Amino acid sequence: MTTDTAPKPSLWNRLAHPGQFVALTRSWLWPLTIVTAALFAVGLWFAFFNSPEDYQMGDTVRIMYIHVPTAWLSQFVYGIMAVSAIGSLVWRHPMADVSMKAAAPLGATFTALALFTGSLWGRPTWGTFWEWDGRMTSTLVLLLIYLGIVALWRAFDDQLRAARVIAVFTLVGAINIPIIKFSVDWWSTLHQPSSVFTMRGPHMPPSILTPLLVMAIAFTMLFLTLHLKAMHTEVARRRLMALQRQAAQTGASA
Amino acid sequence: MSAFAAVIARELRLSIRTGGDVLTLVLFFVMIGVVVPFAVGPDRDLLARLAPGVVWIAAFLSMLLGLDRLFRADHEDGTLILLRHADLPFSAIVAAKVIAHWIVSAVPLIVASPLLAVMLALDGAAFWRVVLSLLVGTPALAALGAIGAAVTVSIRRGGLIAPVLILPLAVPVLIFGVGAISTGPGPDLSGSALLFLAAISLITLALSPFAAALAISSGED
């Protein structure tokens, strides 16, 4: 039921209404999907057929085109969650809650993928699936934080209340992640022989950098598409729960 | 008596009168030390090498497992609501509770740590480093734990989830805590590790009451 006399609300306020948000952004999904698919097609073609082998690592260097973008996303997604957390604490924006919730499993997945591809890559180049190296260890801790946040979301019954509490925790985690990163680096330089292969070699030639950038953008677009879809799903899930509650109440009173 | 001190005194009195908890915690702490030799064998050299890590893991686990009582009981009987409406800012009350929690759950562990040192074949110098690093590091565990307890206080079955949340955040405490004890094969960095540990303790102690208070007040309204 709309009133025509009311002033037209700003875009920000309209986005705060879950139904309006879905209506406004539903049409973005297909273009986003097509752009993502096209970028993946170009990026994978580059990665598999049009980039040179590494003179040391041979064909295994191609794992990098999956590994580096997922590792980048593992941190980018936490950034999205932290920004959403601020949005949900400061403005109590309902869609910030939904964005925060939808991002957590995606972030966990990308972090797990980064670790998995990293260990597949580590086997032929370092000769081991797992090395307690600074970056791997801090990525592992990041994965644990993601999983903790997912578990926290699932533990709450009331999702509206959950959002603000989890926002606080997400921000605490955001402050803590640099400290963890620093301490893990300190720890691994203390314990580790310095013979381990590091990626800080001579910087990459453009023939490797181009596919890497395309793949990074493709993965970022993939995240944005999945994130938007997950937000729509979350809105639908909440509406379903509200309807079920309503139905139960009318059933009880009838 | 100021309100701040009154909150601390109340917490201490509660834990003394309800008794058992503190003893159980110490028992748990010592038991981890007892169980480790069964797992890795009674070799004294090996035990001495593992001891700093074992003592810290024991302290870590006992402090995390004791978290739940920090706010839970007060939440259930409604005291937390009264405290939120007190004249004292709620974050100050949370800070008082963190201090009380540290006195109740960390100090007994430090007092009991000589037992572990004897059982794990630590020598005298290493033992004093253990005590020092526990003394400097456990406030950070209490402060981080307060955040975990605050976040999960309104979840009815939140007992296990707080440790799971806080464990990854407490990794730096563990790293520098053990770093302050064991010197390892390389250059001696235990002094700087102790300073880093102190820095982490101070930062978390300063920030966590605000975060925990915010989490509690947004969790229940």
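Residues numbered from 1 in each chain as written. Chains lettered and ligands numbered in written order. Predicted model: local features only at pLDDT ≥ 70, side-chain atom pairs only at ≥ 80, totals over all residues.

### So, the overall build of chain B
Move 1: Helix and strand content of chain B: 11 helices and zero strands.
Move 2: From first element to last, N terminus to C terminus, chain B shows the α and β order α-α-α-α-α-α-α-α-α-α-α.
Move 3: Its C-alpha atoms give chain B a radius of gyration of 18 Å, near enough to 17 Å, the size a compact globule of 221 residues would have.
Move 4: By its C-alpha atoms, chain B is 55 × 35 × 35 Å across when sized along the principal axes.
Move 5: Counting all 221 residues of chain B, 48% fall into the buried class.
Move 6: When contacts within chain B are restricted to residue pairs at least 6 apart in sequence, long-range pairs at least 24 apart make up 80% of them. (Helix = DSSP H or I, 4+ residues; strand = E, 2+ residues; numbered from the N terminus. Rg over C-alpha atoms; globule rule 2.2 N^0.38 Å. Buried ≥ 20, exposed ≤ 12 C-beta atoms within 10 Å, placed from the backbone. Contact = placed C-beta atoms within 7 Å.)

### What to know about the overall build of chain A
Move 1: Tallying secondary structure elements over chain A gives eight helices and zero strands in all.
Move 2: Long-range pairs, those at least 24 residues apart, make up 81% of the contacts in chain A between residues at least 6 apart in sequence.

### Concerning the interface of chain A and chain B
Move 1: On the chain B side, the residues contacting the 22 residues of chain A number 24 residues.
Move 2: Of all elements in the fold, only helix 6 (134-155) and helix 7 (159-191) of chain A reach the threshold of two or more residues within the side of chain A that touches chain B.
Move 3: With 14 residues, the top contributor of residues to the side of chain A that touches chain B is helix 7 of chain A.

### Section: the nonpolar core
Move 1: Phe169 of chain A together with Ala146, Ala150 and Ala215 of chain B are the most contacted members of the largest nonpolar core, which has 127 residues in total.
Move 2: A per-element tally of this core places helix 8 (residues 124-152) of chain B first, with 13 residues.
Move 3: Ignoring anything within four residues of it in the chain, the contact list for alanine 146 of chain B reads Leu70, Val94, Val98, His101, Ser208 and Ala212 of chain B. (Core = buried A, V, L, I, M, F, W, Y, C linked by C-beta atoms within 7 Å.)

### Structural notes on the packing of helix 3 (residues 44-65) of chain B against helix 10 (residues 171-179) of chain B
All names here are of chain B.
Move 1: Contact pair helix 3 / helix 10: the axes reach a minimum separation of 9 Å and the direction vectors enclose 145°. Considering how the two elements wind past one another, helix 3 and helix 10 form a crossing that is right-handed. Contacts between helix 3 and helix 10 involve Pro52, Gly53, Trp56 and Phe60 from the first element and Leu174, Gly177 and Val178 from the second. (Axes fitted to C-alpha atoms, helices over the stretch in contact; angles between N-to-C directions. Left-handed = near helix turned anticlockwise from the far one by under 90°.)

### Here we look at the confidence of the model for chain B
All names here are of chain B.
Move 1: With 95% of its residues at a pLDDT of at least 70, chain B reaches an overall mean of 87.
Move 2: When mean pLDDT is compared element by element in chain B, helix 6 (residues 90-105) scores highest at 92, while helix 4 (residues 72-76) scores lowest at 85.
Move 3: The ipTM assigned to the predicted complex is 0.89, against a pTM of 0.89. (pLDDT = per-residue confidence, 0-100.)

### A short note on the environment of alanine 149 of chain B
Residues and elements named next belong to chain B.
Move 1: Note on placement: alanine 149 falls in helix 8.
Move 2: Each C-alpha atom, one on alanine 149 and one on aspartate 68, is 5.9 Å from the other, the two residues being 81 residues apart in sequence.
Move 3: When sequence neighbours within four positions are dropped, the list of residues in contact with alanine 149 reads Leu67, Asp68, Leu70, Phe71 and Ala162.

### Brief notes about helix 8 of chain B
Move 1: With 29 residues, helix 8 of chain B extends 40 Å between its outermost C-alpha atoms, agreeing within 8% with the 42 Å of an ideal straight helix rising 1.5 Å per residue.
Move 2: Bending of helix 8 of chain B peaks at approximately 35° at the position of glycine 137 of chain B, with proline proline 139 of chain B no more than four residues after it. (Expected span 1.5 Å × (residues − 1). Bend = angle between axes of the 7 residues up to and from the residue.)

### Looking at the packing of helix 3 of chain B against helix 8 of chain B
All names here are of chain B.
Move 1: Where helix 3 meets helix 8, the closest approach of the two axes is 10 Å, and the angle between their N-to-C directions is 30°. As far as their axial angle goes, helix 8 and helix 3 are roughly parallel. Here the hand of the crossing between helix 3 and helix 8 comes out right-handed. Mapping the contact onto sequence places Pro52, Val55, Ala59, Phe60, Met63 and Leu64 in helix 3 and Val130, Leu134, Thr138, Leu141, Ala142 and Gly145 in helix 8.
Move 2: The class makeup of the residues in the contact of helix 3 with helix 8 is 10 nonpolar, two polar and no charged. (Parallel < 35°, antiparallel > 145°, perpendicular 65-115°, else oblique. Nonpolar A, V, L, I, M, F, W, Y, C, P; charged D, E, K, R; others polar.)

### Description of helix 9 (residues 161-169) of chain B
Move 1: Among the nine residues that make up helix 9 of chain B, seven are buried, leaving the element largely enclosed by the rest of the structure.
Move 2: Among the residues of helix 9 of chain B, Ile161, Ala162, Pro163, Leu165, Ile166, Pro168 and Leu169 of chain B are the ones counted as buried.

### Thoughts on the confidence of the model for chain A
For residues with low pLDDT, the predicted coordinates do not support detailed interpretation.
Move 1: For chain A, per-residue confidence averages 85 on the pLDDT scale, and residues scoring 70 or more make up 89% of the total.
Move 2: Mean pLDDT values over the elements of chain A span from 77, in helix 1 (residues 11-15) of chain A, up to 92, in helix 4 (residues 64-90) of chain A.

### Topic: unusual backbone geometry
Glycine aside, residues mostly have negative phi, and peptide bonds are mostly found in the trans state.
Move 1: The phi angle at arginine 92 of chain A is positive, at roughly 50°, despite the residue not being glycine.
Move 2: By the element assignment, arginine 92 of chain A lies in the loop between helix 4 and helix 5 (94-126).
Move 3: Residue classification places arginine 92 of chain A among the partly exposed positions, given that 15 C-beta atoms sit within 10 Å.
Move 4: The phi dihedral of alanine 121 of chain B is positive, around 60°, even though this residue is not glycine.
Move 5: For alanine 121 of chain B, the location among the structural elements is in the loop between helix 7 (107-119) and helix 8.

### Structural notes on the environment of glycine 127 of chain A
Move 1: Structurally, glycine 127 of chain A is set in the loop between helix 5 and helix 6.
Move 2: For glycine 127 of chain A and valine 165 of chain A, which are 38 residues apart along the polypeptide, the C-alpha to C-alpha distance reads 43 Å.

### Focus on the environment of valine 98 of chain B
Move 1: Structurally, the position occupied by valine 98 of chain B is in helix 6.
Move 2: Counting along the chain gives 47 residues from valine 98 of chain B to glycine 145 of chain B, while the straight-line C-alpha distance between them is 8.7 Å.

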